[in-house]
Amino acid sequence: MDGIDILGIDLGTTNSAVAIWEADAEQVRVLPNQAGEHIIPSVVFFDPDTQSPIVGKAALEKFIHAPEQVIYSVKRFIGRTFKDACVAQDQEQLAYALEQAHQSKVAVKVQEQLFSPSQISSHILKQLKANAEDLLSKPFTRAVITVPAYFTESQRQATKEAAELAGLHVPRIINEPTAAALAFGLKKDPQTIAVYDLGGGTFDISILEIKPGGLFRVKASDGDTHLGGDDFDKAIIDWLCSTFKAQHQAELDLRRDRILRARLKKAVKAIKMGLTTETDYAVNLPDLCEVDGQPVGLETVLTRDHFEQLIQPLVEQTLGICDRVLQSARMKPSDIQQVLMIGGQTRTPAVKQALRDKYNWTVNDSINPDEAVARGAAVLAARLQGYLMEEVTLWDVTPLSLGVELENGKMEVIIQGNQPIPTTKWRKGSQAFSTSRDGQERILFKVYQGERPIAADNALIGELVLNLATSRPAREPRIHCMFKVDQDGILHIRAEDASTDGEPVEATFDHVYRLTQEEVEARRQEAQTYKEQDERTNRLFQVDEEWNRIKPQTGNIKAELIEEMETAINEQNVEQAEKLLADIKQQLFGTPGS
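What comes next is a walk through the structure. Model, not experiment: these values are computed from the prediction.

**Some remarks on the layout of surface pockets**
In this structure, the second largest pocket occupies an estimated 1000 Å³ of space. Lining the second largest pocket are 28 residues; nearest its centre among them are Leu-406, Glu-407, Phe-433, Ser-434 and Arg-475. Only β21 (402-405), β24 (442-449) and α12 (531-550) provide two or more residues apiece to the lining of the second largest pocket.

Printed below as a string of structure tokens:
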């Protein structure tokens, strides 16, 4: 295992986990903490005396006595602004306070200090990192981290920032449903699956198509960021309150009594766990409040049948979202070979039975639902290090950079490699393309994929030709170009002459991502092998572009110096070209830096 140095981390709303691929055993291991727990609550408590953070179960236990200092479900706010509607909605349910920070970002207030959601999340990641290092007696500086499929670019970036604060570089962000599919080992047999993820705070359903060679494509995703185990808890708490009122003719004031709310929430966790395997659960909660000056509690029994009645509307909500995602994917329930169950709330028998009854789906719950996503992240982490050589291609990010060839042969990158998808990049305004010759009638866009600075050293994807409507001088037309990679990993290109009413041209390249993972890695390795040579090439391109920019102003420069400059560029003598360029700029502008 000495060679494995990338962790797989599921940074969850309610719980988090860390895993690693064991090369010797050829399997994933979810790493426990010192108490032997494989998952930790995504909860942070700040000690009021030292302000030092406590993470996990120890932090959760502080909730009853100091709920305003216990930070939970912070993943809901990462990468969001304070003005987002969901922030106001969530704030009403929190025991801790939120405030508006710089640039309208969300901040968590603990006593008089403000923390960003990324800072809070970094403490959870630090704890997972420390657990792994203590157990395996080696340092870790890299991790593959999972995020919901619906996360925006700002939310993904904020997650990376949290990792950086924790001392972890993130070579890859992976969507949770894709990670789940990897965890369940679904990378060889072509099939269409659903991933049903019902966690503590959110619900997501994704349909993935697995093509020959391990090509994963997300056909459709949907969900509800305010539907999850917390709502199941609330249904039980409401029932407990109504039962208490029936027994004692008194109300439990949960709105003002945060400690009472924390006690009931803790009791509900035990009730749900008990009803997963048993048909009834005896509730005994002494001294909940005082009635007529006397302390009174609650004793009752909740049966599984009654529990299922309480949560039925919530289960139906998830089924409605399943209907929507099937419609978006233009599929029938019978098109789905199996449904993967992830998220702790999927342990509820009624949830699994509802999927069987309505869709006749084969439910795959063979992996611990709290661990599945972390396991999948660990599989990808191992794959990034070359330990797993199966052809698995994930469309969570662009595997290599995409761009066009310029007149001087340079690869002009438009979409960077490892860019989260879907993504759209435009070249317009000051970045617009143009013509290089007077009267030029057409522009040829040769599209390449790769990391080398010279376009011809990369893989040619295809070509696109834009015919210009009118004849004009060189560099006068303003040609806008759009590169778009959709959720399925398909590249769409559009080019248009913004200075006329000419017809735009469009092209789609589906085969752009038909490279196997081995081919992708080979091209990355090639870029690493030629790194020093490519750096010199980039310097030469920069000199050439700067020279072309100032050449029209060199009328008073000696012809011999100009000839020397042209010769240095043509002979690719980078050092000489840089020196001559500095001399010429000194004569033109009085400083080599102008």
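**Observations regarding the packing of aromatic side chains**
As enumerated under the stated definition, the model contains 6 aromatic pairs in all. Aromatic pair Phe-46 and Phe-115: ring centres 4.5 Å apart, planes at 15°, arrangement stacked. Remark: Phe-115 occurs in strand β10 (residues 113-115) and Phe-46 occurs in strand β5 (residues 43-46); sequence separation between them is 69 residues. Each member of the pair, Phe-46 together with Phe-115, is buried. Centre to centre, the rings of Tyr-359 and Trp-361 are 4.4 Å apart; their planes meet at 25°, and the pair counts as stacked. No difference in accessibility class separates Tyr-359 from Trp-361, as the two residues are buried.

**Re the sheet that holds strand β26 (residues 479-485)**
Strands sit in the order β23-β26-β27-β28 across an open sheet of 4 strands; the sheet is antiparallel. Of all strands in the sheet, those with a lone pairing partner are β23 (423-427) and β28 (505-509), marking the two edges. Pairwise comparison of adjacent strand axes, ignoring direction, gives a mean angle of 10° for this sheet. In this structure, β23 lies alongside β26, joined through 5 bridges in antiparallel fashion. Pairing of Thr-423 across the sheet is with Val-485, part of β26.

**Observations regarding the packing of helix α5 (residues 176-183) against helix α10 (residues 372-384)**
The description of two packed helices rests on the angle between their axes and on the distance between the axes. The N-to-C vectors of α5 and α10 enclose an angle of 80°; their axes lie 7 Å apart at closest approach. With respect to α10, the element α5 is oriented roughly perpendicular. Of the residues in α10, those in contact with Glu-176, Ala-179, Leu-182 and Ala-183 of α5 are Ala-372, Val-373, Arg-375, Gly-376, Ala-377, Val-379 and Leu-380. Class assignment of the residues belonging to the contact of α5 with α10 gives a composition of 8 nonpolar, 1 polar and 2 charged.

**Comments concerning the sheet that holds β10**
An order of β8-β9-β10 is seen for the 3 strands of this open sheet, with the pairing classed as antiparallel. Either end of the sheet is taken by a strand with one partner, and the two such strands are β8 (97-100) and β10. Strand-to-strand, the axes of this sheet are offset by a mean angle of 45°, without reference to chain direction. Sheet analysis places strand β9 (residues 106-110) next to β10, joined by 3 bridges and oriented antiparallel. When the sheet's bridge partners are listed, Val-108 is paired in β10 with Phe-115. Contacts from helix α3 (residues 117-136) reach β9 and β10 within the one sheet, and its direction differs from that of β10 by about 75°.

**Observations concerning empty space enclosed by the protein**
Enumeration according to the criterion identifies 6 cavities of 30 Å³ or more in this entry. Its boundaries defined by the atoms lining it, the largest cavity holds a volume of some 100 Å³. Lining the largest cavity are 13 residues; nearest its centre among them are Lys-75, Arg-76, Arg-80, Tyr-150 and Thr-225. Of the residues assigned to the lining of the largest cavity, the class counts are 4 nonpolar, 5 polar and 4 charged.

**Focus on the pairing of strand β16 (residues 280-291)**
Across 9 bridges, β16 lies against strand β17 (residues 294-303) in antiparallel orientation. Residue pairing for β17: Leu-285 is matched across the bridge by Leu-298. The turn linking β16 back onto β17 is made up of 2 residues, and Asp-292 within it adopts a positive phi angle of 55°.

**Concerning α3**
The terminal C-alpha atoms of α3 lie 29 Å apart, and with 20 residues this matches the ideal 28 Å at 1.5 Å per residue to within 8%. Backbone geometry just after α3 places Ser-137 at a positive phi near 55°.

**Here we look at helix α8 (residues 304-329)**
For α8, which comprises 26 residues, the first-to-last C-alpha distance of 35 Å matches the rise-based estimate of 38 Å (1.5 Å per residue) to within 8%. Maximum bend of α8: about 50°, positioned at Ile-311, with proline Pro-313 one to four residues after it. Every buried residue of α8 is accounted for by Arg-304, Phe-307, Ile-311, Leu-314, Val-315, Thr-318, Leu-319, Ile-321, Cys-322, Val-325, Leu-326 and Ala-329. One or two residues past the end of α8 sits Arg-330, with phi positive at roughly 55°.

**A few points about the nonpolar core**
A general tendency of soluble globular proteins is for nonpolar side chains to be buried together. Leu-7, Ile-9, Leu-125 and Ile-145 are the most contacted members of the largest nonpolar core, which totals 86 residues. By residue number, the principal contributor to this core is α10, which donates 9 residues. Ignoring anything within four residues of it in the chain, the contact list for Leu-125 reads Ile-9, Leu-11, Ile-145, Ala-162, Ala-163, Ala-166 and Leu-168. In terms of nonpolar packing, the next biggest core, distinct from the first, is built from 51 residues, Phe-203, Leu-260, Leu-285 and Trp-361 among them.

**Comments concerning the pattern of salt bridges**
This structure, assessed with the given rule, holds 34 salt bridges. Of the charged contacts in the structure, one is a salt bridge between Glu-526 and Arg-452, with a shortest N-O distance of 4.0 Å. On the criterion of sequence distance, the pair formed by Glu-526 in helix α11 (residues 517-529) and Arg-452 in the loop between β24 and β25 (459-467) is long-range, its members being 74 residues apart. Overall, Glu-526 belongs to the partly exposed group, its relative accessible area being 29%. Accessibility expressed as a relative area gives 6% for Arg-452, which makes it buried. A network of salt bridges, in which partner residues are shared, links Arg-76, Asp-230, Asp-233, Lys-265, Lys-269 and Lys-272.

How each quantity is defined
- Residues numbered from 1 in each chain as written.
- Predicted model: local features only at pLDDT ≥ 70, side-chain atom pairs only at ≥ 80, totals over all residues.
- Heavy atoms only, no water.
- 1 Å grid on protein atoms, 1.4 Å probe; cavity = no way out; pocket = protein on both sides within 12 Å on 5 of 7 lines; lining within 4 Å.
- Points joined across faces, edges and corners; volume = space filled by probe spheres on them.
- Helix = DSSP H or I, 4+ residues; strand = E, 2+ residues; numbered from the N terminus.
- Phe/Tyr/Trp six-rings, centres within 6.5 Å; stacked < 30°, edge-to-face > 60°.
- Buried < 20%, exposed > 50% of the residue type's maximum accessible area, 1.4 Å probe, protein only.
- Pairing = 2+ DSSP bridges.
- Axes fitted to C-alpha atoms, helices over the stretch in contact; angles between N-to-C directions.
- Parallel < 35°, antiparallel > 145°, perpendicular 65-115°, else oblique.
- Contact = heavy atoms within 4.5 Å.
- Nonpolar A, V, L, I, M, F, W, Y, C, P; charged D, E, K, R; others polar.
- Expected span 1.5 Å × (residues − 1).
- Bend = angle between axes of the 7 residues up to and from the residue.
- Core = buried A, V, L, I, M, F, W, Y, C linked by side-chain atoms within 4.5 Å.
- Salt bridge = Lys/Arg side-chain N within 4 Å of Asp/Glu carboxyl O.

Purely geometric numbers; function is a separate question.
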